[in-house]
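Residue-level structure breakdown
Single-letter residue listing:
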Amino acid sequence: RQLERAVDFTLAMAAGPPPPLEPSPLPTFAEEEFGEKFLRKTRENPLLGFGPAALRPGGGRASPPPSFPAGCLCTVSVLAYGLICFKKGNTRRSQLMMRARVLAQGFTFAALLGGMVATAIKSRQ
């Protein structure tokens, strides 16, 4: 009986041609400029708290947006204002803004770390 199965299997294999060995062609993607790519990546990034990746399958938000983007904006704003003060010669205000920049960077890093911890805790549940 096993001999019959082996013969049937061998005949079935010999009946059809072998599958092609050529690889399938790679997909091609449209060229996108920096601004288009930046907007696409921003929409896809769940860390920023908006876009399709931040939504639950049911349609609601997974969590409120983290304060990471606000911290980045605050850091850049304080840095820009500090550099403007430095260029104008107001060294006292420039020094104060550089200290505020360090605090804003610390806040941004804490927000990023908190978001990572929250995501890790949610994934374990």
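About the cut-offs
- Residues numbered from 1 in each chain as written.
- Predicted model: local features only at pLDDT ≥ 70, side-chain atom pairs only at ≥ 80, totals over all residues.
- Heavy atoms only, no water.
- UniProt positions renumbered as here; feature names shortened; annotations may be inferred.
- Helix = DSSP H or I, 4+ residues; strand = E, 2+ residues; numbered from the N terminus.
- Patch = residues over 30% accessible without salt bridge, like charges linked within 9 Å, V, L, I, M, F, W, Y side chains within 5 Å.
- Areas by Shrake-Rupley, 256 points an atom, 1.4 Å probe, with all protein chains shown as cover.
- Salt bridge = Lys/Arg side-chain N within 4 Å of Asp/Glu carboxyl O.
- Buried < 20%, exposed > 50% of the residue type's maximum accessible area, 1.4 Å probe, protein only.
- Axes fitted to C-alpha atoms, helices over the stretch in contact; angles between N-to-C directions.
- Parallel < 35°, antiparallel > 145°, perpendicular 65-115°, else oblique.
- Left-handed = near helix turned anticlockwise from the far one by under 90°.
- Contact = heavy atoms within 4.5 Å.
- Nonpolar A, V, L, I, M, F, W, Y, C, P; charged D, E, K, R; others polar.

Below, the discussion takes up the UniProt feature "transmembrane region" (unreviewed entry) in the chain. On the UniProt side, "transmembrane region" (unreviewed entry) is annotated at positions that read residues 98-121 here. As a span, residues 98-121 carries 100% helix and 0% strand, and end to end its C-alpha atoms are 35 Å apart.

As a further point, take a nonpolar patch on the surface. Residues Phe109, Leu113, Met116, Val117 and Ile121 make up a contiguous nonpolar surface patch of roughly 490 Å² in combined accessible area. On the secondary structure map, Phe109 appears in helix 4 (residues 91-124). The exposure class assigned to Phe109 is exposed, which follows from its relative accessible area of 52%.

Another aspect to go through is the packing of helix 3 (residues 68-88) against helix 4. It is the contact of helix 3 with helix 4, at a shortest axis distance of 8 Å, that shows an interaxial angle of 165°. By the angle class used here, helix 3 and helix 4 are roughly antiparallel. Judged by the twist between their axes, the crossing of helix 3 over helix 4 is left-handed. Within the contact between the two elements, helix 3 uses Phe68, Gly71, Cys72, Cys74, Thr75, Val78, Leu79, Tyr81, Gly82, Leu83, Cys85 and Phe86 and helix 4 uses Arg93, Ser94, Met97, Met98, Ala100, Arg101, Ala104, Gln105, Phe107, Thr108, Ala111 and Leu112. The residue makeup of the contact of helix 3 with helix 4, split by class, is 16 nonpolar, six polar and two charged.

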